Structures are given as C-alpha cells and as structure tokens.
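# Report on the structure
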Amino acid sequence: MTTPMLHARNVRKHFGKVEVLKGIDLTVERGQVCCLLGPSGSGKSTFLRCINHLEKIDAGSLAVEGDLVGYRRHGQRLHELREREVAAHRRDIGMVFQRFNLFPHMTALDNVMEAPLNVSKVSRAQARQDAERLLEQVGLADRAGHYPAQLSGGQQQRVAIARALAMKPKLMLFDEPTSALDPELVGDVLDVMRQLAADGMTMIVVTHEIGFAREVADTAVFMDEGVVVEAGDPRQVLLHPEQERTRAFLSKVL
Amino acid sequence: MATTTAAASTASEDRCPDDLPVVPVRHYGRWVAAVAAITALAGIAGSLAKNANLHWDVVGHYLFADLIFDGLVTTLWLTAAAMALGLGLGTLIAVMRLSASPVLHGMATLFVWVFRGTPLLVQIIFWGYAGALYKYVMIGIPFTDITFLRVETNSLLTPAIAALLALGLNEAAYASEIVRAGIQSVDPGQAEAAHSLGMRPALTMRRIVLPQAMRVIIPPMGNETINMLKMTALVSVISAHDLMSNIQDVYAQNYQVIPMLVVASLWYLALVTLLGVPQAWLERRYGRGTARSGHVSPLRRMLGVAGRLPTKRQEGNR
C-alpha cells in the first residue's frame with residue numbers, strides 16, 4: 001500500500017472561540033483531483049490553508065506523503081518545525097489564491113522565475129526557459145513582459161498557476177481560483193486546470209464550480225460548519241446526495 | 001411677431017452647433033488677483049534689492065568662500081550619514097516593532113518613545129556634553145570588571161560624531177514609523193504567496209514585501225531627507241563646523257548677520273532643490289508595475305514630450 005498524498009485525521013482549528021474545523025478526516029491519493037464544496041464559512045478554505053501550514057492546526061494530524069505538516073514526531077512528542085523546514089515542505093505544495101496574489105512589482109515572467117531562482121537556486125537561463133515554457137502552457141507566452149496590472153483577472157490567475165507549477169510541486173492547492181473572475185474569463189482558467197488534472201497532477205480544489213467538480217473530480221467533498229457532511233464519487237454526491245444539507249446547498253447553486 | 005422668431009431660428013439652425021466658434025468663460029476675478037499678486041511680489045523684490053542693509057556685495061563675497069564650502073561639505077556628509085544611520089536603524093526597529101517577541105517589540109517602542117519624545121536640540125546638546133555624564137566609554141560585560149575597551153568620552157565623541165549620533169538616532173525613531181507603515185501597507189496575501197512558494201521569511205521580506213513597501217516609504221523619506229538637511233543647522237550649538245556653524249563664525253566677527261543668513265538660505269535652497277532629482281528617480285524605480293507609473297522619465301514629463309501612455313489593459317486575450 002502506498003502512502004496517500006494527503007492524509008488528514010480529526011483536524012481541528014479554532015479562531016478565538018469560534019471553532020472553524022471540527023474534526024476533518026480526508027484522504028487524497030496520488031494523481032487524484034479532490035473538490036471541496038460548501039457554503040461560505042464552512043471551513044473549506046481554512047482546511048486548504050492548513051495543508052501548507054499557512055494556518056496551524058490545533059488538534060488532529062495532517063500528513064502530506066506521510067510527512068506531518070508543520071511538526072516532526074519524536075517518540076510521543078510533536079516538535080514544531082523551524083521556518084526553514086516549513087519552507088522546505090511548502091516547496092512541494094503549490095498554491096493558487098482567490099485573489100491571484102501575483103507580485104505586482106515584477107513582470108509575469110519574473111513572477112514565475114522568482115522562486116526557482118531564489119529558492120531552488122536554478123540557473124537564470126534554466127529558470128527563464130522553464131518559465132517561458134510554463135507561460136506557453138497556460139496560453140500566455142505573449143504576455144511574459146507584462147506587469148500584473150496590465151493583465152486581466154483570468155490572465156493573472158493563469159500566471160499564478162504557472163508560478164506555482166514552476167516549483168514542480170507534487171500537490172496543487174486551489175483556493176476558489178475562479179471566484180474573483182468575470183464569468184467569461186472563468187473558462188480559460190478551468191481549461192488550464194482540466195489539462196493539469198489530465199496530466200496526472202494531484203489537486204485539491206476549493207470551488208463553487210459544480211460543473212467542473214462533476215467533470216474533473218475523482219472525489220467531491222461537501223463541507224458545512226466545520227465538518228465533512230458527505231464525500232465520495234462526484235456523480236453520487238452532486239447528483240444524488242444522501243444528506244438533506246447537501247441537497248439544500250446544491251438546489252441553491254445549480 | 002411670431003413669423004420673425006421662426007425666421008430667426010431657422011437662420012441659426014442653418015449651421016450645425018459643432019461648427020460654431022466657442023467663447024470661453026472669462027475669469028475676471030482671477031486676472032485681478034494675478035495682477036495684485038505680481039505687484040506685491042515685485043514690490044517686495046524691489047525693496048529687497050534696494051535695501052542697503054542686505055549688502056549684496058557681502059553676499060557675493062561669501063557665497064563661494066572656502067569656509068562656506070567647508071561647511072557645505074560637512075552639512076552634506078552629515079545629512080547623508082545621519083539619513084543612512086536613521087534608515088538602517090529605523091528599518092531594524094520597524095522589524096522589531098512588528099516582531100512577535102514582546103521583549104523586542106517593547107524595546108523598539110521604548111526607543112521610539114524616548115527619541116521622538118524629546119526635542120532634537122536637547123538631544124544634540126546632550127550628545128555634545130556626554131563627557132560630563134560618562135568620563136570614559138567602556139565596553140565589557142555588565143556587572144563584572146571585565147573590560148574590552150576603554151576610551152575617554154571626549155576623544156571619541158568629537159562634535160561631528162556627537163552631531164551624527166544625535167541626528168541619526170533621532171531620525172531612526174521617525175524612519176522606523178515610516179518603514180513600519182510601509183511594511184503594513186503591503187497586502188498580507190503577498191507574503192502568503194511567497195511563503196507558499198517555499199520562500200523563507202527573510203527572503204520574503206527582502207524580495208517581496210520591502211520592494212512594495214518602498215512605494216509608500218519613499219515620499220515621506222524624501223521629506224525627512226529635506227528636513228534633515230535643514231536640521232543639521234541645529235548642530236551649530238555644539239560647533240560641528242557645518243554650514244550654519246561657519247556662517248555664525250563669520251557674522252560673529254564681521255557683524256553682517258543678515259547677508260550671511262542670505263548666503264546660508266541660498267545654499268540650503270539650492271541643495272533642497274537638487275534633492276528632488278534622486279527622489280523622483282527612486283519613485284519611478286519602485287513604482288514599476290503600478291498603473292500610473294508608465295515608463296516616462298520625470299524630466300520628459302516636465303518638458304511635456306511624454307505623449308500618451310500606452311494602453312494599460314488588454315482584456316481577455318488568449
């Protein structure tokens with residue numbers, strides 16, 4: 001049996017007195033696409049941010065390829081990792097944000113080259129070649145010299161995907177990647193993600209795009225109020241949900 | 001009666017409105033105010049030019065005197081060194097203030113409280129007379145007799161060094177607040193994106209946060225530099241041989257107070273004007289990628305040969 005890409009057990013998290021994750025269990029195998037769905041405030045984005053340790057979990061365990069996120073186990077104790085070690089773990093996990101978060105003071109090409117140059121210490125020529133190839137892959141080869149402010153939302157998000165891919169991650173996290181986009185620009189971004197899934201990338205996607213989830217996902221997970229309400233085959237969960245809460249949500253978004 | 005009106009209106013409708021000449025609004029009030037202002041300015045300038053007490057010959061004699069140039073050199077290096085010390089230490093204090101450690105945060109707050117809360121003039125005199133507080137400067141391990149270095153305070157704290165310390169430490173307090181505001185103005189999503197790529201905090205600060213903070217930091221720091229240039233005049237109280245010290249030395253001997261102050265003012269004005277050039281350059285350098293920056297040099301913009309900026313947005317191109 002191979003170790004799963006993501007193994008989460010009883011993950012809990014609270015902000016002050018509000019408990020946002022009340023014991024999440026989730027396993028994602030290598031090469032699979034998992035879509036997290038649910039209403040705002042259900043904790044799906046927080047859970048995603050826990051996976052690359054942008055948020056600390058308060059209880060439970062979260063492991064990526066068998067390595068605990070943010071901690072090292074020594075006998076019966078968990079030792080918090082140093083910044084350097086956390087950073088090393090994050091290199092293998094790409095993340096795409098709802099509001100793109102491109103670096104505004106760099107061109108599209110420099111955005112994609114930044115981490116390979118300064119984190120992986122790849123040669124400039126190599127980084128440039130890789131970045132140009134990635135921009136071509138997301139359909140933006142002719143926008144390499146543009147600054148983010150000169151690009152549309154859809155173009156910015158595709159640059160952000162290329163930037164994450166530049167670190168050759170084994171897992172990609174998408175936090176509502178199309179929620180901040182004009183409806184007609186959503187398609188371009190989803191096309192890139194569809195292609196990525198077809199190439200075998202392991203992906204965890206927080207999204208409201210039910211159609212995308214039904215078509216691309218191997219697993220659909222419906223969350224509400226910090227718990228997993230229903231999980232499984234997307235055709236089952238999204239077309240014939242067993243739980244009343246899932247049905248109520250789907251009837252509103254479809 | 002009715003027929004004439006109809007005839008007149010048809011006549012004027014013969015010409016399309018966009019062919020008709022436009023008569024702009026005449027702002028008579030503005031003209032009157034402009035004439036009054038110019039008259040007042042000319043009056044003041046004329047009376048200054050004719051005022052024999054100004055002694056323009058004395059001004060001309062001292063404007064390029066060696067002593068004045070020596071003072072200028074001191075003023076310039078003092079400004080540069082104090083700003084460098086202030087910005088370097090200020091950045092460190094800003095990072096300490098944003099630190100999660102309550103001790104570092106508290107010490108940075110204490111520093112700002114003391115050096116921003118007491119008059120600069122007091123601080124300058126204090127450093128100038130620090131020898132009266134501690135006769136020797138000793139570096140060693142506190143509460144033991146182990147000493148690595150022992151120097152007489154007055155030989156270490158020359159007036160120039162005392163002036164530099166006073167101005168630099170005071171500036172650090174102000175600069176730290178400017179840098180802190182700059183850092184806090186950067187969207188936290190930027191640091192998150194950098195972290196998610198595996199960048200460590202120090203690298204994130206250097207490559208992602210500070211370059212964006214610079215846009216917010218540069219205009220007020222330009223102000224601070226101009227202020228610093230003029231505040232160096234205060235160190236004349238510990239005779240640090242800056243421009244103002246030397247001016248005072250001259251008028252103490254020849255009693256030509258007003259002409260010498262004119263010499264000082266002309267030089268300060270000239271230097272402040274020159275400082276605008278590097279500031280404009282820096283603003284353009286760190287404004288890259290923001291909508292309004294464009295790629296037009298300040299000089300070209302001033303001369304109005306920039307032409308129209310290229311279109312900024314190219315929507316939905318695949």
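Residues numbered from 1 in each chain as written. Chains lettered and ligands numbered in written order. Predicted model: local features only at pLDDT ≥ 70, side-chain atom pairs only at ≥ 80, totals over all residues. Heavy atoms only, no water.

### As for the overall build of chain B
A count of helical and extended segments in chain B gives 13 helices and two strands. Residue burial in chain B is summarised as follows: out of 318 residues, 32% are buried. Counting contacts in chain B only where the partners sit at least 6 residues apart, residues at least 24 apart contribute 67% of the total. Accessible area for chain B stands at about 19700 Å²; split by element, carbon and sulfur atoms hold 67% of it. (Helix = DSSP H or I, 4+ residues; strand = E, 2+ residues; numbered from the N terminus. Buried < 20%, exposed > 50% of the residue type's maximum accessible area, 1.4 Å probe, protein only. Contact = heavy atoms within 4.5 Å. Areas by Shrake-Rupley, 256 points an atom, 1.4 Å probe, with all protein chains shown as cover.)

### Examining the nonpolar core
With 50 residues, the main nonpolar core has Leu135, Ile161, Met172, Phe174, Met193 and Met203 of chain A as its most contacted residues. Here this core takes seven residues from helix H6 (residues 183–198) of chain A, the largest share from any one element. Apart from the residues within four sequence positions on either side, Leu135 of chain A is in contact with Ala108, Leu109, Val112, Leu140, Ala141, Ala144, Val159 and Ala162 of chain A. One finds Leu21, Leu26 and Leu171 of chain A together with Ala193 of chain B within the second-largest nonpolar core, a separate group that totals 40 residues. (Core = buried A, V, L, I, M, F, W, Y, C linked by side-chain atoms within 4.5 Å.)

### A short note on the sheet that holds strand S2 (residues 18–28) of chain A
Residue and element names in this part refer to chain A. The four strands lie next to each other as S2-S1-S4-S5, forming an open sheet whose pairing is antiparallel. The sheet terminates laterally at S2 and strand S5 (67–68), the two strands that pair on one side only. Relative to S5, strand S4 (residues 59–64) runs antiparallel, the two being bridged by two bridges. Considered in S5, the bridge of Val64 is made with Asp67. (Pairing = 2+ DSSP bridges.)

### Overview of a positive patch on the surface
A surface patch of positive charge is lined by Arg82, Arg84 and Arg91 of chain A together with Arg200 of chain B. Inspection of the secondary structure puts Arg200 of chain B in the loop between helix H9 (188–196) and helix H10 (201–231). (Patch = residues over 30% accessible without salt bridge, like charges linked within 9 Å, V, L, I, M, F, W, Y side chains within 5 Å. Salt bridge = Lys/Arg side-chain N within 4 Å of Asp/Glu carboxyl O. Lys, Arg positive; Asp, Glu negative; His and termini not counted. Charge placed at Lys NZ, Arg CZ, Asp CG, Glu CD.)

### Concerning the side chain of Thr46 of chain A
Residues and elements named next belong to chain A. With respect to the secondary-structure elements, Thr46 resides in helix H1 (residues 44–51). Of the residues examined, Thr46 reaches a relative accessible area of 13% and is grouped as buried. With residues near it in sequence (within four places) discarded, Thr46 still touches Lys13, Phe15, Val20, Leu21 and Glu55.

### Here's the deal with the UniProt feature "transmembrane region" (unreviewed entry) in chain B
Residues and elements named next belong to chain B. Taking the numbering used here, the UniProt-annotated feature "transmembrane region" (unreviewed entry) corresponds to residues 31–49, 76–98, 110–130 and 257–282. Note that residues 110–130 is 81% helix and 0% strand, and that its end C-alpha atoms are spaced 21 Å apart. Secondary structure across residues 257–282 divides into 100% helix and 0% strand, with the first and last C-alpha atoms of the span separated by 38 Å. (UniProt positions renumbered as here; feature names shortened; annotations may be inferred.)

### Brief notes about helix H5 (residues 153–165) of chain A
For H5 of chain A, spanning 13 residues, the distance from its first C-alpha to its last is 18 Å, which sits close to the expected 18 Å at 1.5 Å a residue. Burial analysis of H5 of chain A places 13 of its 13 residues in the buried class, which makes it a mostly covered element. (Expected span 1.5 Å × (residues − 1).)

### Observations concerning the pattern of salt bridges
In the structure shown here, the tally under the stated rule is 24 salt bridges over all chains. Taking the shortest distance from any N to any O, the salt bridge between Glu55 of chain A and Arg49 of chain A comes out at 3.1 Å. Per residue, the accessibility class of Glu55 of chain A equals that of Arg49 of chain A, and both read buried. Between Arg207 of chain B and Glu114 of chain A there is a salt bridge, and its shortest N-O distance comes to 2.7 Å. Taken together, the residues Arg207 of chain B in helix H10 and Glu114 of chain A in helix H3 (residues 108–118) connect one chain to another. Given a relative accessible area of 30%, Arg207 of chain B falls into the partly exposed group. By relative accessible area, Glu114 of chain A is classed as buried at 2%. Residues participating in the shared-partner salt-bridge network are Arg30, Glu65, Asp92 and Lys170 of chain A.

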